[in-house]
Amino acid sequence: MSETVFTPDRMAYWRSHAWLAVIAMVGAMGILWFMGNPHVWTGAIGGLAAIGLRGGYLVSDEMSRVWVLDGTTIKGPDQQAIPLADVAELNRLASTVQIVTHAGHKYLIKYQPDPAATIATLQNAMSTLPERSRA
């Protein structure tokens, strides 16, 4: 079987950060309102600035986190290797695919352009494993 590469998508990254910015803006405004601050609108600027700076700072690191499926193992950044036979669950969390092993370890394949397709590819690879190698 040939290798399948799961690379992070820049648009999915920025879309996720846009949602984080909305949450940060609303949260900061809510805190300022609760504290009785007359300048509640500054929370929106602070939340947007914080998430924007974070996104700009981390984009190069996150875009380099590539996962590779090579038949019976999915290999990730930082020398992570997960045998497909050890995979218990595949979950979608926005643009991220979560891999849960039978031992309870969790891994994230972040910022996928089509997380459903990533899950389908992994499930298809798992379905081709011999019965004795499945847990």
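In short, a report on the structure.

Criteria and cut-off values
- Residues numbered from 1 in each chain as written.
- Predicted model: local features only at pLDDT ≥ 70, side-chain atom pairs only at ≥ 80, totals over all residues.
- Heavy atoms only, no water.
- 1 Å grid on protein atoms, 1.4 Å probe; cavity = no way out; pocket = protein on both sides within 12 Å on 5 of 7 lines; lining within 4 Å.
- Points joined across faces, edges and corners; volume = space filled by probe spheres on them.
- Helix = DSSP H or I, 4+ residues; strand = E, 2+ residues; numbered from the N terminus.
- Buried < 20%, exposed > 50% of the residue type's maximum accessible area, 1.4 Å probe, protein only.

### Focus: the layout of surface pockets
When its volume is computed, the largest pocket comes out at roughly 210 Å³. If you go around the largest pocket, you meet 14 residues; those closest to its centre are S16, L93, A94, S95 and T96. With four residues, helix α1 (residues 10-34) is the largest single contributor of residues to the lining of the largest pocket.

### Structural notes on unusual backbone geometry
For A94, which is not glycine, the phi dihedral falls at a positive 60°. Here A94 is to be found in the loop between β5 (87-93) and β6 (96-101). Judged by its relative accessible area of 58%, A94 falls in the exposed class. Even without being glycine, Y111 reaches a positive phi, approximately 55°. The topology assignment puts Y111 in the loop between β7 (106-109) and α3 (115-127). On the basis of relative accessibility, which here comes to 9%, the residue Y111 falls in the buried class.

Remember, this is a structural readout, not a statement about activity or role.
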